[in-house]
Amino acid sequence: MKNGHWMTAKDVVRVNAKKFPNKIGCKDLYKEYTFKQWNERSCRLANSLADMGMKKGDRFAVLAYNCVEWMEIYAAAAKGGFICVPLMFRLAPVDMEYIINHCEAKVFIIQSGKDPADGKEFPWIDQVNGMKKNIPTVKQYVNFAVDSPSYDGFINYEQMLAKASPEEPATVVDAEDPWVIMYTGGTTGRPKGVVKTHLNLFAQYFIQIYDHQFNYDDCNLLVMPCCHVNSLFYSFVATWVGGTVMCYNMISFNPENLLKTFQDHKVTFTSLVPTHYIMMLALPDEVKSKYDLTSVKKLLISSAPARRDTKLGVLKMFPNSELNEAYGSTEAGIVTVLKPNEQLTKLGSCGREVIGTDEIRFYDEDGNLVTEPNVVGELYSRSPMVFEEYWKEPEKTAAAMKGEYFSAGDMGYRDEDGYIYLVDRKANMIISGGENIFPSEVENIVGGHEKVKDVAVIGVPHEKWGEQVTAVVVLHEGQTMAAEEVSAWCKGKIAGFKVPKNIIFIKDEEMPRSGAGKILHRILREKYGKWSDHQ
């Protein structure tokens, strides 16, 4: 007989509704719900899905920009024992169709109506109507919106909730049950469905509560897409300790509006990628000085390596905030964290293993365990956060594992003090004249120039050298730069064979990015030269 019970999100929202009934549990720029309201709406949604014929373990897909409904959708999946499958809104319809068919989603929930920010109609209703003939597993379509319009062929979300029972679903949900399937962004090819159980995620929340010191007074702002694992990582972690989760509705990133949101909503934490911080830092001083940022106590840099100048700028801009840098993946969860007191003493490192996880292992290209410091190898991690499997792809699951250790294909090393350094993705490595070159090393140098806003370094085929180091550069607004300036800047800072031999200047909007803000080197290789997939 099993006497113990791990609390899942199904339970936590219910318990908070009794402990903190009148406290705001979740909100966005236009709506807010107390824990009591959030719990009841999530129960109604879970019961509505059950009334449609969904059973424990069945999947439903969601297509929406950031909004508070995401929080009740995730909670409803937990309460009903269903599996939520978020769709990245930047995907092409054919990719969405692939995911829906691959996971065999029975219900499709879509954001509709007009964006309150600019009055423009969201595009999803017309897009999904065009997809319907290609996604035969979907039996019901549901739409929601701030203004709650109705459409032919779609069930109105608010009307559906109003008719449903507010009682807690009787479904028994255990720690080992799947909660979400997150399809990866496809930086190396077709997306894979990453199955995350309740145990995977609440283990992560407990680890983060300690590592980032989340508490009852926190207001976590979700700027990253709510359909991305980063926002799932940093949403319910606040819920677990009675804090507030806020979904940031802005479709296009507006750095000044974000500063205003920090001020107006007394935000205490957010997780951003380096590009977001760079855009905020680039605002004129007279704009930045307009806003009171003293409520912000914790900041996280993740999803891509942060340059030294970016970190220093963030620490200056948010004087009351501590800065953490984390490394992780959809599959592995959070793997390492660089603590606030280490930001300046260990610049360039992504930190050390988070608590509750095993020692990171590195393996060389022959599969041998690396035991010496400062020797690059492929990074493998083991923890309770590691995913269950790739949905319906046992061979790919096995290929990513060494026993209980998982690799996302990242290369790195450990220094003499135990700190982890990432050098690059295995697939991004450039081989020029027989020498291995990791783009991130070159990017850190090029990106240190005051005129450079962002940069990606790729290998382009070359008859003599195999691959030629090529820098794709975005300049700050109003700046001009010659290719020779880039090369001259790099000389003496890195080995000569690593200095970019070809410089391509592009506009900021032309830099391809994933939903998490990561630069898609694969797309650049396909555009500017043949893609050599080293995996």
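See above for the structure.
The structure reproduced in this document is the subject of the present report.

The rules behind the values
- Just so you know, the residues in each chain are numbered from 1, in the order the chain's sequence is written.
- Totals for whole chains, interfaces and linings use every residue, but because this is a predicted model, local features are given only for residues with pLDDT of at least 70 and side-chain atom pairs only at 80 or more, for both listing and counting.
- Working from all heavy atoms in the structure, the side-chain values ignore hydrogens and water.
- Throughout this description, the term salt bridge denotes a Lys or Arg side-chain nitrogen within 4 Å of a carboxyl oxygen of Asp or Glu.
- Runs of E in the DSSP output that reach at least two residues are strands. Runs of H or I that reach at least four are helices, and both are numbered from the N terminus.
- Whether a residue is buried, partly exposed or exposed follows from its accessible area with a 1.4 Å probe, protein chains only, as a fraction of its type maximum: under 20%, in between, or over 50%, in that order.
- Pairing between two strands is assigned when DSSP locates at least 2 bridges connecting them.
- Here, two residues are considered to be in contact whenever any of their heavy atoms come within 4.5 Å of each other.
- Only the stretch in contact is used when fitting a helix axis, every axis being a line fitted to C-alpha atoms; angles between N-to-C directions are given from 0 to 180 degrees.
- Only buried residues count toward a nonpolar core. Its members are Ala, Val, Leu, Ile, Met, Phe, Trp, Tyr and Cys residues joined through side-chain atoms within 4.5 Å.
- Exposure above 30% relative accessible area and the absence of a salt bridge qualify a residue for a patch, where like charges join within 9 Å and nonpolar side chains (Val, Leu, Ile, Met, Phe, Trp, Tyr) within 5 Å.
- The method behind every accessible area is Shrake-Rupley, applied with a 1.4 Å probe, and residues are considered shielded solely by the protein chains displayed.
- To pair, rings of Phe, Tyr and Trp, with the six-membered ring standing in for Trp, must have centres within 6.5 Å; the planes then decide the type, stacked if under 30 degrees apart, edge-to-face if over 60, and tilted in the middle.
- Lysine and arginine charges are scored as sitting over a ring when NZ or CZ, respectively, is within 6 Å of the ring centre and within 35 degrees of the ring normal.

As a further point, take the pattern of salt bridges. As enumerated under the stated definition, the model contains 26 salt bridges in all. We note a salt bridge from Asp211 to Lys339, for which the minimum N-O separation is 3.2 Å. Pair noted here: Asp211 is in helix 7 (residues 198-211) and Lys339 is in the loop between strand 15 (333-338) and strand 16 (352-353), with a separation of 128 residues, a long-range link. A relative accessible area of 9% means that Asp211 is categorised as buried. Between Lys290 and Glu256 there is a salt bridge whose closest N-O contact spans 3.0 Å. Of this pair, Lys290 sits in the loop between helix 12 (285-288) and strand 13 (298-301) while Glu256 sits in helix 10 (residues 255-264), and the two are 34 residues apart along the sequence. When salt bridges that share partners are traced, they join Arg41, Glu72 and Glu158 into one network.

Taken together, 9 strands build an open sheet; the order of strands is 2-1-11-10-12-13-14-15-16 and the sheet is mixed. The sheet is open, and its two borders are formed by strand 2 (32-34) and strand 16, each paired with just one other strand. Looking at chain direction, strand 13 and strand 14 (residues 322-329) are connected through 4 bridges and run parallel. Looking across to strand 14, one finds that Lys298 is bridged to Glu322. Taken strand by strand, helix 13 (residues 308-317) contacts strand 13, strand 14 and strand 15, and its axis lies near 135 degrees from that of strand 14.

The subject of this paragraph is the side chain of Ser112. Along the polypeptide, Ser112 turns up in the loop between strand 5 (107-111) and helix 5 (124-131). Residue class for Ser112 comes out buried when judged on its relative accessible area of 1%. Among all residues touching Ser112, those that are not within four sequence positions of it are Phe122, Ile125, Asn143, Phe144, Ala145, Pro149 and Tyr151.

This next bit is on the nonpolar core. Core analysis: the largest hydrophobic core is formed by 94 residues, its most contacted members being Phe60, Phe108, Trp179 and Phe236. Core analysis: the next-biggest nonpolar cluster, separate from the first, contains 24 residues, Leu221, Leu283, Val296 and Met317 among them.

Glycine aside, residues mostly have negative phi angles, and peptide bonds mostly take the trans form. With phi around 60 degrees, Glu104 is a residue other than glycine that occupies positive phi space. In this fold, Glu104 is placed in the loop between helix 4 (93-103) and strand 5. Even without being a glycine, Lys266 presents a positive backbone phi close to 50 degrees. Summarising the element assignment, Lys266 is placed in the loop between helix 10 and strand 12 (269-272).

Right, let's get into the pairing of strand 15. Counting buried positions along strand 15 yields 6 of 6 residues, so the element is predominantly enclosed. When strand 14 meets strand 15, the two strands line up antiparallel, connected through 5 bridges. In the strand pairing of strand 15, Gly328 is matched with Ile334. Between strand 14 and the antiparallel strand that follows it, strand 15, lie 3 residues. As judged from the 2 bridges shared by strand 15 and strand 16, these two strands associate in the antiparallel manner. Bridge assignment links Val337 to a residue of strand 16, and that residue is Arg352.

With respect to topology, 3 strands assemble into an open sheet ordered 26-27-28, the strand pairing being mixed. Both edges of this open sheet fall to strand 26 (452-462) and strand 28 (502-505), since each of them pairs with a single strand only. For this sheet the average axis-to-axis angle between neighbouring strands, irrespective of direction, equals 25 degrees. Two elements, strand 26 and strand 27 (residues 466-475), share 10 bridges in a ladder whose sense is antiparallel. Each bridged residue has a counterpart across the sheet, and for Val460 the counterpart in strand 27 is Gln468. Relative to the sheet, helix 15 (residues 439-446) contacts strand 26 and strand 27, its axis offset from that of strand 26 by approximately 140 degrees.

With that settled, the discussion passes to a nonpolar patch on the surface. Together, Leu312, Leu315 and Leu344 line one region of the surface with nonpolar side chains, adding up to about 230 Å² of accessible area. Examined against the element boundaries, Leu315 turns out to sit in helix 13. According to the relative accessible area criterion, Leu315 is partly exposed, its value standing at 30%.

Enumeration according to the criterion identifies 25 aromatic pairs in this entry. Arranged with centres 6.1 Å apart and planes meeting at 45 degrees, the rings of Trp6 and Phe206 form a pair that is tilted. Taken together, the positions of Trp6 in the segment before helix 1 (9-19) and Phe206 in helix 7 put the pair 200 residues apart, joining distant regions of the chain. Residue class for Trp6 comes out exposed when judged on its relative accessible area of 52%. Accessibility expressed as a relative area gives 38% for Phe206, which makes it partly exposed. Taken together through their ring pairs, the aromatic side chains of Phe20, Phe35, Trp38, Trp179, Tyr216 and Phe236 make up a single cluster. A cation sits over an aromatic face here: Lys23 above Tyr216, 3.4 Å from the ring centre. The side chain of Lys132 reaches across the aromatic face of Tyr141, ending 4.6 Å from its centre.

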